[in-house]
Amino acid sequence: MSTQSPPTLTPTGAVGVRLREAIDLEISGMTCASCAARIERKLNKLDGVTASVNYATERAHVLAPPDTDPGTLIQVVEATGYGAAVPEPEAPPADHTPGLLRDLILAAALSVPVIVLAMVPALQFPGWQWASLVLATPVYLWCGRRFHRSAWVNLRQGATTMDTLISLGTTAAYLWSLYALFFTEAGMIGYTHPFEFRLERGMPSIYLEAVVGIITFLLAGRYFEARTRRDASAALRALLTLGASEVTVVVDGAERVVGIDALAVGDEFLVRPGEKIATDGVVVAGASAVDEALVTGESLPVDKAPGDAVIGATLNTNGRLVVRATRVGSDTQLARLGRMVEEAQTGKAPVQALADRISAWFVPAVLVLAALTLVGWLVAGEGLVFAATAAVAVLIIACPCALGLATPTALLVGSLRGSRLGVVIAGAEVLEHARGVDTILLDKTGTVTTGQMRVVDVTVAGESSAGLGAVDRGDPGASGGATVHPTHEQRTADLLRLAATAESASEHPIARAIAAATDERGVLGHFENLPGHGIRAEVDGHTVEVGRNATHGGNRLDYEKQSRHDPRTTVTVSVDGTFAGTIVVADTVKPTSAAAVRALKDLGLRPILLTGDHEASAQAVAASVGIDAVVAGVRPEGKVAEVTRLQATGRRVAMVGDGVNDAPALAQADLGIAMGTGTDAAIEASDLTLMRGDLLLAVDAVRLSRRTLRTIKQNLFWAFAYNVAALPLAASGLLSPMIAGAAMAFSSVFVVANSLRLRAFRGVAA
């Protein structure tokens, strides 16, 4: 590890111009948020450098002058006492939970017999104390190594944290136990360890149970914490998996499949029905409808023809397209979304844990108190054994087991309760974000609405329309017979049957909605797509044409009913060249959305509908669920801008969404809530995930977050108050180190019991 002073960076380039490039570093060795703050301060002291270190993702995002050697930045981090490396492009973030779990299992297995033997004198067989030493030593040296290393690293920097207190307390108890075993009668075969509350003068004792108990309890807390935040940096990986991995390039009419990395700007590539578009480009041949909902939020597939732009990672639904690449790699819109998510996550540093904030003065105060206890009793005439034991008791009772468990245990119970209700909490910092939220932005498609097109209206044309059930019901016995015209309901059913039969051969999303509207089917004959218009098919001997434009006698007639002010989509149906009627499809509102909006208002939140869909559709949906404020027609960057704008006015913003287009805004928001029915990118960029597509779960998520945070604060208050109240008793010799260890364990039990009350939380969602 380098011990030389950190180098100074000097920006290069034209005079007066400070161009900077972004460098990401993977940081190792951090144990708390104060470690991230310390690294950040060191990096920011370099000339021209602005650094942001995220403890949750274990990454540093650095803006530095051009041509800055990442090795220079790594030296600074290493000189601070931590590890750093340039991350591999495809490498997932390090997962520390397996190692923590192994250490926790080992510590628990070895600690239980040590604690039981110390607390139950009747079980203390001859030589039990030496058996306890054999069991406790691996726990102290191996399982507790992360606490000792952290204390040493911080000591070299002149700083103290809770790890300092943990290491000192366990070390003092372990070394004192060694002294007692080797140099006093405590090491004699046949020695028993009395269970006494007060510190007995001249009575040698060992305190190995305090050593193993402290380390085991805190390892449990660290494991729960690491498990809840191990997926915090997965949003970018989820985004990258959305793109195509291979592409069919067209060269001189020949098709060749290559890896996506081989695609260059200007290359032409083929996109078949059902395939993802490989990269951003322009259509040069073919026509199709492209589902862009995941990226733009537009609920309706967009028709594409030669000259139209397409977005990488969107889905080609039904036609064959040839596309010329205009942007590849890091320049694509998908890559831009990834960078926006990364910047938002890096900028959202986790809230400092209260235990770490307390440690700024609590740890030094405890060390001073332990020293004063030792010196005070010596000055008062007590022996070294009594004075040293009282000082050890001070260090043990101050060990923050309950403080270390306060957050992860409440988070674990709250998370388990949430998972049963359908709410997944990403980490402890989420609860802090949820506390002050006063504004909630709701995406439309897939969040407030179902995100699926459905038939909402069928209108039949004039009474003489061909093919719509006009049946000659003449009575042979009557003069000339009589023609009985079908009822309106029969004509509507016939129109829908003909259209559904014709559309059953198409893969277009609107066609699927019409085909799903009825189970009745005719006999389908010839079928053909009409690019840009719709489809034509033979059904029960009739020529049926369905699309945005119907035809009559070979001449195109525009019966398009939708205007820019109508949120619905209307298609026309012609039968044997005659206009027969219209079918209206629309994205429908979820049944629970209106109730959810009312409940969110009752929680003191102001709902705003934020969508990439057009104004008319957004206003119609907002009015139906009781939302007054609407921001429509915005792209992903516009959603981020709206979140940022609200935050700049002092609002605490929550965002609910389900698509890739929502991921950057979810990451930027103070509280991101993703629908579990949506994309992985949205889920990974969020703080809370709703496992069902029910907006009422968002209400439960906010309520559960607030309740869990309140429980954490109760735990922290009582754990801290408990330590403070017990310190004078230990210093005055009224608590033996063994009882101090037991009291420490009891405070942990209290914290766990208080956290378990979260199991009684009841949600409002069905």
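None of these values were measured; they are calculated from a predicted model.

If you trace the three strands from one edge of the open sheet to the other, you get S10-S9-S12, paired in antiparallel fashion. Where the open sheet ends on each side, the last strands, each with one partner, are strand S10 (302-304) and strand S12 (315-316). Bridge count for strand S9 (residues 288-291) against S12 is two bridges, and the pairing is antiparallel. Counted as the bridge partner of Val290 is Asn316 from S12.

This part covers the UniProt feature "transmembrane region" (unreviewed entry) in the protein. Mapped onto this structure's residue numbering, the UniProt feature "transmembrane region" (unreviewed entry) falls at residues 104-122, 128-144, 165-184, 204-224, 358-380, 386-413, 715-732 and 738-756. As annotated, residues 104-122 has a helix share of 84% and a strand share of 0%, and its two end C-alpha atoms lie 28 Å apart. Counted over residues 128-144, helix gives 94% and strand 0%. Its end C-alpha atoms are 23 Å apart.

Bringing the packing of aromatic side chains into the picture now. In this structure the tally under the stated criterion is seven aromatic pairs. Both rings, one in Trp130 and one in Phe182, keep their centres 5.3 Å apart while their planes meet at 80 degrees; by these two values the pair is edge-to-face. Of the two residues, Trp130 sits in helix H4 (residues 128-143) while Phe182 sits in helix H6 (residues 162-183), which places them 52 residues apart along the sequence. On the basis of relative accessible area, Trp130 is assigned to the partly exposed category, the value being 27%. Measuring from ring centre to ring centre gives 4.4 Å for Tyr140 and Tyr174, while their planes differ by 10 degrees; the resulting arrangement is stacked.

Okay, the side chain of Thr68 next. Within the fold, Thr68 resides in the loop between strand S3 (59-64) and helix H2 (70-79). Exposure remark for Thr68: the relative accessible area of 10% places this residue in the buried category.

The N-to-C vectors of helix H3 (residues 97-119) and H4 enclose an angle of 155 degrees; their axes lie 9 Å apart at closest approach. Between H3 and H4, the crossing angle belongs to the class labelled roughly antiparallel. In this structure, H3 crosses over H4, and the sense of that crossing is left-handed. Facing Asp103, Leu106, Ala107, Leu110, Ser111, Pro113, Val114 and Leu117 of H3, the residues of H4 in contact are Trp128, Ser132, Leu135, Ala136, Pro138, Val139, Trp142 and Cys143. Taken together, the residues of the contact of H3 with H4 sort by class into 13 nonpolar, two polar and one charged.

When the charged atoms of two side chains with opposite charge come close together, those side chains can pair. Scanning all chains against the criterion turns up 16 salt bridges. In this structure, Arg146 engages Asp103 in a salt bridge whose closest nitrogen and oxygen atoms are separated by 2.8 Å. Linking Arg146 in helix H5 (residues 145-156) with Asp103 in helix H3, this pair joins segments that are 43 residues apart in sequence. A relative accessible area of 5% means that Asp103 is categorised as buried. One salt bridge in this structure joins Glu275 and Arg272, with 3.7 Å as the shortest N-O distance. By relative accessible area, which is 29% here, Glu275 ends up partly exposed. Salt bridges sharing partners connect three or more residues here, namely Glu255, Arg272, Glu275 and Arg320.

Side chains of Val112, Val116, Val120 and Leu123 sit close together on the surface and give an oily, nonpolar patch of about 300 Å² of accessible area. With respect to the helices and strands, the residue Val120 is situated in the loop between H3 and H4. For Val120, a relative accessible area of 34% corresponds to the partly exposed category.

Our focus in this paragraph is unusual backbone geometry. Only a minority of non-glycine residues have a phi that is not negative, and only a minority of peptide bonds are not trans. Phi angles above zero are rare outside glycine, and Asp540 is one such case at about 50 degrees. If you trace the backbone, Asp540 turns up in the loop between strand S18 (534-539) and strand S19 (542-547). Look at Asp540 and you get partly exposed, because its relative accessible area is 35%. One non-glycine residue, Asp576, lies in positive phi territory at about 55 degrees. Secondary-structure assignment places Asp576 in the loop between strand S22 (569-575) and strand S23 (578-589). Exposure remark for Asp576: the relative accessible area of 38% places this residue in the partly exposed category.

Cut-offs applied
- Residues numbered from 1 in each chain as written.
- Predicted model: local features only at pLDDT ≥ 70, side-chain atom pairs only at ≥ 80, totals over all residues.
- Heavy atoms only, no water.
- Pairing = 2+ DSSP bridges.
- Helix = DSSP H or I, 4+ residues; strand = E, 2+ residues; numbered from the N terminus.
- UniProt positions renumbered as here; feature names shortened; annotations may be inferred.
- Phe/Tyr/Trp six-rings, centres within 6.5 Å; stacked < 30°, edge-to-face > 60°.
- Buried < 20%, exposed > 50% of the residue type's maximum accessible area, 1.4 Å probe, protein only.
- Axes fitted to C-alpha atoms, helices over the stretch in contact; angles between N-to-C directions.
- Parallel < 35°, antiparallel > 145°, perpendicular 65-115°, else oblique.
- Left-handed = near helix turned anticlockwise from the far one by under 90°.
- Contact = heavy atoms within 4.5 Å.
- Nonpolar A, V, L, I, M, F, W, Y, C, P; charged D, E, K, R; others polar.
- Salt bridge = Lys/Arg side-chain N within 4 Å of Asp/Glu carboxyl O.
- Patch = residues over 30% accessible without salt bridge, like charges linked within 9 Å, V, L, I, M, F, W, Y side chains within 5 Å.
- Areas by Shrake-Rupley, 256 points an atom, 1.4 Å probe, with all protein chains shown as cover.

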